[in-house]
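# Tertiary structure, described
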Amino acid sequence: MTSWKGRRFEVTVGAVAHGGHCVARHEGRVVFVRHTLPGERVVVAVTEDRGGSFCRADAVEILTPSPARVTPPCPFAGPSRCGGCDWQHATLAEQRSLKAFVVAEQLSRLAGLTVPVTVEPLPGDGRDWRTRTRMTVDRQGRPGFLAHRSHRVVPVSECVIAAPGTVDEVVGRRWRPTASLTVAVDATAHTHIVENDRVVEGGDPVEFAARRHWHVAPDGFWQTHPDAADQYAEVIESWSDATEGECVWDLYSGVGLFAAVLAAQVGPTGTVLSIEGDPEASRLAAANLADLPQVETLSGPVTAMIDKAPAPAVVVLDPPRKGAGRDIVESIAAHHPRRVVYVACDPAALARGVATFAQNGYTLTDLRAFDAFPMTHHVECIALLTRTDTVGGAG
């Protein structure tokens, strides 16, 4: 088959798909189109074609726009530009509708479930929310972001979703060519910058959530939306339902946010196992939770740790984007916790996890989704799974 790369043609755009694009069809092939919305008639330019049943394209001309289309607020958004934002050309309400469709579709396709999904907004208007970001420096020393599915750096002078004190602190300055930059602004409004592995500004971020202060590595994990950590902690507190004296697990625990919530529920006679694979995050968790003797922080591979751990009444897990995976889900289920609260930033990974839990005796009894990453295709979900023989007691 002759490659379609560079070819242009008209299509009518169909439904949104997981990954920040919509699905169209042309001459018997599927075309995944970015920078468009369902129902639009557009001219596309094919950007990638590896043969087979599909190719990828950008909408380069909008012939019949969707009523939900708006002008992107960022000059670096659009075809061949910054690959960070997927939906700047849609209203916030439409972005949430698209994300809700994707979550529901993934649960239907991968887990066989029909679940109504509403994506809840977090405070803000979609701008100035991202408190932690990674940038790449081009060969001229200019910081920017990568183009979509590319290693090409797009230098920027601003970023509309970045919180003040982040991108604005590094643009206009020259950096080591091809370096990686991590820049964050913490709850105390201090900026922290890491160039490759070298701290060049700040270095000890302090965050505030769940009524506690948290020390976080400047290039480590913390929720990027300033309201996300508190919101998720509230859901964990509501759904975990741990009681005095119980043993509970916090898997992929980071610097200890959910472990603190669980510790308050199980009290001084209970046990919280805070398990994290990253040694620095685990070290910080131990320091952050030092006043809670019921919390035991463990550093190492989650699979190895839980195989030796005492059986939990409740499990909270917040794995990386790829999800926990079948082996870990089955290990959790083998310990028979009555509840599992699964935090996931990838709908497909969540759906696969829910399907594996279902195969091991667990039912999805509640789901909340949050628009914690406005302008992008990403969405955070929290799922409550209960053991089948205890579903009647779930709430």
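Source: prediction; values computed, not measured. (Residues numbered from 1 in each chain as written. Predicted model: local features only at pLDDT ≥ 70, side-chain atom pairs only at ≥ 80, totals over all residues. Heavy atoms only, no water.)

### Section: the overall build of the protein
Definition in use: Each helix corresponds to a stretch of at least 4 residues labelled H or I by DSSP, and each strand to a stretch of at least 2 residues labelled E; elements are numbered beginning at the N terminus. Atoms counted for the radius of gyration: C-alpha only. Globule rule: 2.2 Å times residue count to the power 0.38. For the exposure calls, accessible area comes from a 1.4 Å probe over protein chains only, and a residue counts as buried if that area is under 20% of its type's maximum, exposed if over 50%, partly exposed in between. Contacts between residues were defined by any pair of non-hydrogen atoms, one from each residue, lying within 4.5 Å. Residue exposure ignores everything except the shown protein chains as possible cover, and the areas themselves are Shrake-Rupley values with a 1.4 Å probe.
Regarding its fold elements, the protein presents eight helices and 22 strands. On C-alpha atoms alone, the protein measures out to a radius of gyration of 22 Å, which is about the 21 Å that the 2.2 N^0.38 rule sets for 395 residues. A principal-axis box enclosing the C-alpha atoms of the protein has dimensions of 65 × 50 × 35 Å. The buried share among the 395 residues of the protein stands at 55%. Counted over contacts in the protein with a minimum sequence separation of 6, partners at least 24 positions apart contribute 61%. Here the protein displays about 16,900 Å² of accessible surface, and carbon together with sulfur accounts for 51% of that area.

### Concerning the pairing of strand β6 (residues 54-64)
Stated precisely, the cut-off is as follows: Here, a strand pair is defined by DSSP locating no fewer than two bridges between the strands.
Across five bridges, the pairing between strand β4 (residues 29-34) and β6 is parallel. Bridge pairing in β6 links Val30 to Phe54. In terms of strand pairing, strand β5 (residues 41-48) meets β6 through seven bridges, oriented antiparallel. The partner of Arg41 across the bridge, within β6, is Thr64.

### A look at the UniProt feature "active site" (unreviewed entry) in the protein
Threshold: UniProt positions are given in the numbering used here, feature names are shortened, and annotations may be inferred rather than shown by experiment.
Those residues carrying the UniProt feature "active site" (unreviewed entry) are Cys345 in this numbering. Along the polypeptide, Cys345 turns up in the loop between β20 (339-344) and α8 (347-359). When residues no more than four places from it in sequence are discounted, the contact partners of Cys345 are Arg321, Val379 and Glu380.

### Here we look at the sheet that holds strand β2 (residues 16-17)
Ordered by their spatial adjacency, six strands build an open sheet running β1-β5-β6-β4-β3-β2, and the pairing between neighbours is mixed. Strand pairing shows two members of the sheet lacking a second neighbour, β1 (8-12) and β2, which therefore form its edges.

### Looking at the domain arrangement of the protein
To keep things clear, this is the line we draw: Start and end points for every domain follow an automatic or database-based domain assignment. Buried area: the sum, over both parts, of the accessible surface (1.4 Å probe) that disappears when the two are put together. Each reported salt bridge corresponds to a side-chain nitrogen of Lys or Arg within 4 Å of a carboxyl oxygen of Asp or Glu.
Assigned domains within the protein: domain 1 (7-69), domain 2 (96-124 + 222-387) and domain 3 (132-205). Listed as interface residues are eight residues of domain 1 and, on the opposing side, eight residues of domain 2. With both chains or domains summed, domain 1 and domain 2 bury close to 620 Å², and 80% of this area falls on carbon and sulfur atoms. It is Val16, His18 and Gly19 in domain 1 that bury the most area against domain 2; as a group they hold 74% of the surface buried on that side. At the junction of domain 1 and domain 2, the tally comes to zero salt bridges.

### Looking at the pattern of salt bridges
Taken as a whole, this structure holds 20 salt bridges when the rule is applied. Residues Glu40 and Arg69 are paired through a salt bridge, measuring 2.7 Å at the closest nitrogen-oxygen approach. Linking Glu40 in the loop between β4 and β5 with Arg69 in the loop between β6 and α1 (92-111), this pair joins segments that are 29 residues apart in sequence. Of the residues examined, Glu40 reaches a relative accessible area of 0% and is grouped as buried.

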